[in-house]
Protein chains: 2
Amino acid sequence: MESEELRKYVNFSEWYDYVIEAADIIDKRYPVKGMLVWKPYGYKALKITMRILEDLLEEYGHEEAYFPMLVPEEVFAKEKDFLEGFSGETFVVERTISKVLMRKFLLRPTSETVMYYMFSLWIQSYKDLPMKLFQTVNVFRYETEHTRPILRVREIIMFNESHTAHESLEDADRQIKEAIEIYKKFFDSLGLSYVILKTPKWDTFAGAEYNFDFFEIMPDKRAIELGSVINLGQKFAKAFDIKYQKPDGSYEYVYQTCYGVSERVIGVLISMHGDDRGIIFPSHIAPIQVIIVPIPYKGSEEAVFNKSEEIYRLLKGRGIRVRIDKTEKTPGGKYYYWELRGVPIRLEIGPRDVKNKTVTIVRRDTLERIVISEHELLDKLKELFKEINENLSKRSWDWLHKNIHLAKSTEEAKRIYKEKQGIIKLPWCGSDECGHKIEEVTELEGLGHDPNEKAGGYCAICGKEAKWYFYVGKKY
Amino acid sequence: MESEELRKYVNFSEWYDYVIEAADIIDKRYPVKGMLVWKPYGYKALKITMRILEDLLEEYGHEEAYFPMLVPEEVFAKEKDFLEGFSGETFVVERTISKVLMRKFLLRPTSETVMYYMFSLWIQSYKDLPMKLFQTVNVFRYETEHTRPILRVREIIMFNESHTAHESLEDADRQIKEAIEIYKKFFDSLGLSYVILKTPKWDTFAGAEYNFDFFEIMPDKRAIELGSVINLGQKFAKAFDIKYQKPDGSYEYVYQTCYGVSERVIGVLISMHGDDRGIIFPSHIAPIQVIIVPIPYKGSEEAVFNKSEEIYRLLKGRGIRVRIDKTEKTPGGKYYYWELRGVPIRLEIGPRDVKNKTVTIVRRDTLERIVISEHELLDKLKELFKEINENLSKRSWDWLHKNIHLAKSTEEAKRIYKEKQGIIKLPWCGSDECGHKIEEVTELEGLGHDPNEKAGGYCAICGKEAKWYFYVGKKY
């Protein structure tokens, strides 16, 4: 790091802001608040990441489509809760430079209304169901709050949103389970930990029956939403008149779900896996997986460069994303540079390696340095790629578990939060009233509850038998 | 085709409109003019196509990035010709649903201004050059003219735009040549023919020095622009203050180029390769490359289905995009369905094929039917994929050559155009005045000239010795 002062767990916010720019992920200098330029290195990592999710969705029978970015006002306004929920943050187009348009258009903040207009044309019969579509697109939200690069932005450049329609409530519920399974696999593959909570009723997505959020705990111990899985019930189907004919000839509105993930996941990944030296990419996400640093001494230049090239070709031939650093920096300068950028494996090749037919390997996650013989290289890399990913995942799960605290009362919750932050869970009777009260007394935000986790003890507010734990914390 | 009346070369416009919807490429019913919904089948073909171009650009040293969609008005206005050129067609955002914004933003119609603002921050020294970036994004143009699905739209959903910066005019010229080479490879890979013309000065891209367009001749014999390659010179560099320091310490403005291709290319591909039965996809573009149609007779059902499954697994294992049609349609109904969708190869599997260990193959392009023994299948498919692509390409080049006509005078040009349409080329002295006059007298649009093609004879207007041929026609 440029400054000794940048330490991830000490001043996370400065660490994050520095790292994402210095490591060429994004450039914040674009002159519109909340809108970023993605540099090639960062964009590559983002594309690799999103492709993992897209492949998973296809594996589970979703098909990719594209729906327009501009939504006519009258289509946007069809579902009233949705309209109200998004009215504060949706951009409007009503003219071109030279003329006023006849109608108003909205920049999609998410695509429910755009898609469901079409669903009503496409879905006629039970044979058309289930319908499972997704798209990865840019969406726009005028967030009045504090924007944060990648994590809270006004142009979300890669919003992966899935939308499904089903014959029955049970089918929709099953789809919610499938979506959770897909997202688990996705976050697992990124080595991110999470807790899956059912959102408090009063914070449920506009127009939805219920939703689940995946939360990670960031290095500053605030909770961040990684993804949302939403059961829309029939509200949109009724607003958009999406009906299907059953085998018996009668008609019913479809049951819908939707779920979404955005580039935020890369911001979280960088935050969770990084260290004081910078980013640490999981091996399959890294835009560059192996960086070769030749360390020539006088007289050995040619031999060292030749061997570096040879190894470069070997790895490239195996589909590994590899690069040789041929710049004029010192070896130390190169280490610093590539560590900051999170390249998982560094290979150092010096005269001794040439002579002994060895390679020196440095792992980015542990900074461990080992010397192996050349012919072991491919096997060793494969092994290390796996180990690095497992290690990052383990660290992330340890962090999450360490930062979820149980409190039996609101008093205890406040005391623990003051000391440790993170997420606090309290026994809860399940009533909206007590949930609200917990938020109010602890001065924390309700994140929800895990319906699979039965609570012991008594509700922290009313003292009745607890059903679940109510999770609270501070959210991004 | 649903109606006997739809014949590609007779009523192309109806043919095109029918095919793109019936074959599940797009849905035109989205209630905003010039904005389309892309269905999964069409979107897959588009993604496969764009990936070919993206891979080519990366092979030639371009890096992919992402720049914001909203352009602040003051950034957009920096280059005056550009501002003027796009002022009629650029959408404006000046509010959200609930409040008026402090500044105006424009929806990018193309990203010169967005990118070059950043280039001025990124480029300091000759060491930063050349810079070669691209992005594939949605852009917006309020075309007042007649919109045409995919070909002329208001939301271009996949605009692949490259932008480069160089030390000298010569380097920029070299980049133009490289861009032309890349686009040639790209269109060649799609089996599309083209003529590359230097745009008449009076039609040159807003803010540019000169540009080249790739033109194809559509089945209705009108010319369509497939892609543009533009030398921007130093105009944007001066407007955006993009300077670099030379090795000698002095400063100079960079020289820039840009070039772009959009989803239009898929519209052209469908138009050029299709026939009266529908689409014909080149084998590597087809979302489904092989469709297996089991033709069971009473008593042979199980054997036929088992063999179909077996072949399905064989092909899938080799990475071929294959599907079995298990619907309840008649075989004829299935042929019709998949021919419309342009699947290059159909495999029919009946009891006789089971018995004789054979497969019946039908090529979509020639409708030729052959029976081969099972063990030849993989080799035969590989061969046919190649032959189909070569055949489509040959047809497309034959069509182009057949539809470019030489005329020695404007009278002859008018006569030929009246009879044959297409593109007419006339000997030309090279002066703007005579170029304009040719357009005026022939009542056709000037498409440009090919600087590598020296003309014989005398200028069709002034009678002086001709330098080049001036190409005219009617454009999409």
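Anyway, here's the lowdown on the structure attached to this text.

### So, the relation of the copies chain B and chain A
You can overlay chain B on chain A at an RMSD of 0.0 Å; the transform is a turn of 180 degrees with a shift of 0.0 Å along its axis. Viewed as a symmetry operation, the transformation between the two copies matches a two-fold axis. Measuring from the rotation axis to each C-alpha of chain B, the shortest distance belongs to B:Val93, at 2.5 Å. The residues that chain B uses at the interface reappear at the interface of chain A in 100% of cases, marking a shared surface.

### Quick notes on the packing of aromatic side chains
Following the criterion strictly, the structure yields 60 aromatic pairs over all chains and no others. Ring centres of A:Trp428 and A:Trp468 lie 6.2 Å apart, and the angle between their planes is 45 degrees; this geometry places the pair in the tilted category. Of this pair, A:Trp428 sits in strand E21 (residues 423-428) while A:Trp468 sits in strand E23 (residues 468-473), and the two are 40 residues apart along the sequence. Here A:Trp428 matches A:Trp468 in class, with each residue buried. With a centroid separation of 6.4 Å and 35 degrees between ring planes, the pair formed by B:Phe119 and B:Trp122 is classed as tilted. Of the two residues, B:Phe119 and B:Trp122 are both situated in helix H5 (residues 112-122); the distance of three residues between them amounts to about one turn of the helix. As far as burial versus exposure is concerned, B:Phe119 and B:Trp122 are alike and both buried.

### Regarding the interface of chain B and chain A
Tallying the contact residues gives 60 residues for chain B and 60 residues for chain A. Taking both partners together, chain B and chain A bury about 5,100 Å²; carbon and sulfur atoms supply 63% of that area. Looking at the side of chain B facing chain A, the largest losses of area belong to B:Tyr30, B:Tyr66 and B:Ile97, adding up to 14% of the total buried there. Along the contact surface separating chain B from chain A lie six salt bridges. Across the pair A:Lys47 and B:Glu64 runs a salt bridge whose closest N-O atoms are separated by 2.9 Å. At the surface where chain B touches chain A, the tally comes to 25 residue pairs in polar contact (both at pLDDT 80 or more). When residues in the side of chain B that touches chain A are grouped by element, the largest group, seven residues, is from helix H2 (residues 40-59) of chain B. Strand direction decides the pairing type here: strand E5 (residues 91-96) of chain A and strand E5 (residues 91-96) of chain B, joined by five bridges, are antiparallel. Bridging from a neighbouring strand, A:Arg95 pairs with B:Val92 of E5(B).

### Observations regarding helix H6 (residues 169-189) of chain B
All names here are of chain B. Its 21 residues give H6 an end-to-end C-alpha distance of 30 Å, which sits within 8% of 30 Å, the value for a rise of 1.5 Å per residue. Among the residues of H6, Ala172, Gln175, Ile176, Glu178, Ala179, Ile180, Ile182, Tyr183, Phe186 and Phe187 are the ones counted as buried. Looking one or two residues past H6, Gly191 carries a phi angle of roughly 70 degrees, positive in sign.

### Some thoughts on the sheet that holds strand E20 (residues 404-406) of chain A
Residues and elements named next belong to chain A. Taken together, four strands build an open sheet; the order of strands is E20-E21-E23-E22 and the sheet is mixed. Strand pairing shows two members of the sheet lacking a second neighbour, E20 and strand E22 (445-448), which therefore form its edges. For this sheet, the mean angle separating the axes of adjacent strands, direction not counted, is 35 degrees. Both E21 and E23 contribute to a ladder of five bridges, which runs antiparallel. Bridging from a neighbouring strand, Trp428 pairs with Trp468 of E23. Strands in contact with helix H13 (residues 410-420) are E20, E21 and E23; relative to E21, the strand with the most contacts, it is inclined by about 170 degrees.

### Quick look at the environment of B:Val343
Within the secondary structure, B:Val343 sits in the loop between helix H10 (331-340) and strand E17 (345-349). Take B:Val343: its relative accessible area is 4%, and that puts it in the buried class.

### Some thoughts on the packing of H2(B) against H6(B)
In a packed pair of helices, the relevant descriptors are the angle between the two axes and the axis-to-axis distance. Residues and elements named next belong to chain B. Running from N to C, H2 and H6 cross one another at 150 degrees; their axes reach a closest spacing of 10 Å. The pairing of H2 with H6 is recorded here as roughly antiparallel in orientation. With respect to the hand of their crossing, H2 and H6 are arranged in right-handed fashion. Every residue of H6 that contacts H2 at Thr49, Ile52, Leu53, Leu56 and Leu57 is listed here: Ile182, Tyr183, Lys185, Phe186 and Ser189. Looking at the contact of H2 with H6 residue by residue, the classes come out as seven nonpolar, two polar and one charged.

Here is what the cut-offs are and how they apply
Residues numbered from 1 in each chain as written. Chains lettered and ligands numbered in written order. Predicted model: local features only at pLDDT ≥ 70, side-chain atom pairs only at ≥ 80, totals over all residues. Heavy atoms only, no water. Least-squares fit on C-alpha atoms with pLDDT ≥ 70 in both. Contact = heavy atoms within 4.5 Å. Phe/Tyr/Trp six-rings, centres within 6.5 Å; stacked < 30°, edge-to-face > 60°. Helix = DSSP H or I, 4+ residues; strand = E, 2+ residues; numbered from the N terminus. Buried < 20%, exposed > 50% of the residue type's maximum accessible area, 1.4 Å probe, protein only. Buried area = accessible area lost by both parts, 1.4 Å probe. Salt bridge = Lys/Arg side-chain N within 4 Å of Asp/Glu carboxyl O. Polar contact = N/O pair within 3.5 Å; in protein donor to acceptor, adjacent residues only side chain to side chain. Pairing = 2+ DSSP bridges. Expected span 1.5 Å × (residues − 1). Axes fitted to C-alpha atoms, helices over the stretch in contact; angles between N-to-C directions. Parallel < 35°, antiparallel > 145°, perpendicular 65-115°, else oblique. Left-handed = near helix turned anticlockwise from the far one by under 90°. Nonpolar A, V, L, I, M, F, W, Y, C, P; charged D, E, K, R; others polar.

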